[in-house]
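# Results of the structural survey
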Amino acid sequence: MNFKTVLFLVLCITLSTNSAFAQVKNEREHRIRKSQFPEQALTLVKEKLANARRIRFYKEIDSSKISYEAKFKKDRLQYSIEFNAKGKLEDVEITIKPVDIPNDAYSKITTYLEENFIKYKIQKIQQQYITDGDNVDQTLKEAFQNLMLPSIKYVFLINGKNDNGSEKFEILFNSEGKFELMKNALPPNYDHVLY
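Note on numbering: residues in each chain are counted from 1, in written sequence order. Owing to the predicted nature of the model, reporting of local features is limited to residues with pLDDT of at least 70; listing and counting of side-chain atom pairs is limited to 80 or more, with chain, interface and lining totals taken over all residues. Calculation of side-chain values draws on the structure's entire complement of heavy atoms; hydrogens and water are dropped beforehand.

## Some points on the pattern of salt bridges
Salt bridges are defined by distance alone: a side-chain nitrogen of Lys or Arg within 4 Å of a carboxyl oxygen of Asp or Glu. What the rule picks out here adds up to four salt bridges. A salt bridge links E29 to K71, with the nearest nitrogen and oxygen atoms 2.8 Å apart. Here E29, found in strand β1 (residues 24-32), pairs with K71, found in strand β3 (residues 66-74); they are 42 residues apart in sequence, far enough to count as distant. Taken as a pair, E29 and K71 share a single burial class, namely buried. Put simply, E90 and K65 hold a salt bridge, and the shortest N to O gap is 2.9 Å. Taken together, the positions of E90 in strand β5 (residues 89-96) and K65 in the loop between β2 (53-62) and β3 put the pair 25 residues apart, joining distant regions of the chain. A run of H or I in DSSP counts as a helix once it spans at least four residues, and a run of E counts as a strand once it spans at least two, with each numbered from the N terminus. Partly exposed residues are those whose accessible area sits between 20% and 50% of the maximum for their type, while under 20% is buried and over 50% is exposed, using a 1.4 Å probe and protein chains only.

Next up, the structure:
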């Protein structure tokens, strides 16, 4: 190999390593009172909360942003609706099981997990509907109809063991099972406040 080839390989490895580290974020969520939830967000989900059970409100803080979540159970499904700090809809998540994911996508996801963890256990899987801010009503409609669309994402909450030990991770995959993002999930700090 000549010097330019070696230099090119070193540069590629360095850049790919840096981008892998940039995709890990820390997050923490804690329970809040309904009165602490953004008013605009409450107005938007008011209709969806009709006939819902186990309604809870949360504030989530990660290394780059603050968001709010309303979590509840409705029509035998568990929902999580996330808003930004100003109360604008970001996404809707529905808790699902592995059987709800197309076989090809699930196979790619498990291959990724097996290649990146010595051992792992899936704690929860969510199907995610993301809005671009303009199609809020459409996003809510698609999520509450539980539609399988090319734009959906899968969020895996796992306990994973790697060279650094065991930790909890939240990993995002696209509808085809391709890895997109990993967050290091810190232990929850729930406020035991009744509202």
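Additional details are given in the paragraphs that follow.
## What about the confidence of the model for the chain?
Per-residue confidence from the predictor is reported as pLDDT, which spans 0 to 100. With 81% of its residues at a pLDDT of 70 or more, the chain shows a mean pLDDT of 84. Any pair of residues with heavy atoms lying within 4.5 Å of one another is described as a contacting pair. Overall, residues 3-23 carries pLDDT values under 50, and its contacts beyond four positions in sequence, including any with other chains, amount to six contacts. Ignoring residues within four places in sequence, the model shows residues 189-195, a span with pLDDT below 50, making 20 contacts including any to other chains.

## Looking at the side chain of S80
Along the chain, S80 falls in strand β4 (residues 77-84). N or O atoms closer than or at 3.5 Å make up a polar contact, with two conditions inside protein: a donor-capable atom paired with an acceptor-capable one, and, for residues adjacent in sequence, both atoms drawn from side chains. Here the side chain of S80 touches E69 through a polar contact of 2.3 Å, side chain to side chain.

## Some words on the pairing of strand β7 (residues 153-162)
Most of β7 sits inside the fold, with seven of its ten residues counted as buried. In this scheme, strands are said to pair when DSSP sees at least two bridges between them. Taken together, the nine bridges between strand β6 (residues 119-130) and β7 define a ladder with antiparallel strand orientation. Bridge pairing in β7 links I122 to I158. Pairing analysis gives ten bridges linking β7 to strand β8 (residues 165-174), with the strands arranged antiparallel.

## Considerations on the pairing of β2
Strand direction decides the pairing type here: β2 and β3, joined by seven bridges, are antiparallel. Each residue of the ladder has a partner; that of R53, found in β3, is K73. Hairpin remark: β2 followed by β3, antiparallel, with three residues in the connecting loop.

## Structural notes on helix α3 (residues 103-116)
Compared with an ideal rise of 1.5 Å per residue, which puts 14 residues at 20 Å, α3 spans 20 Å between its outermost C-alpha atoms and is within 8% of the ideal. When α3 is considered as a whole, its buried residues turn out to be A105, I109, T110, Y112 and L113. One side of α3 carries all its buried residues, which in axial view fall inside an arc of 155°. Opposite the buried face of α3, at more than 90 degrees from it, the exposed residues are N103, D104, E114 and E115. Where α3 is buried, its residues meet β6, β7, β8 and β9 (179-185). The span you would expect from a helix comes to 1.5 Å times its residue count less one. Here the arc refers to the set of directions running from the helix axis out to each C-beta atom.

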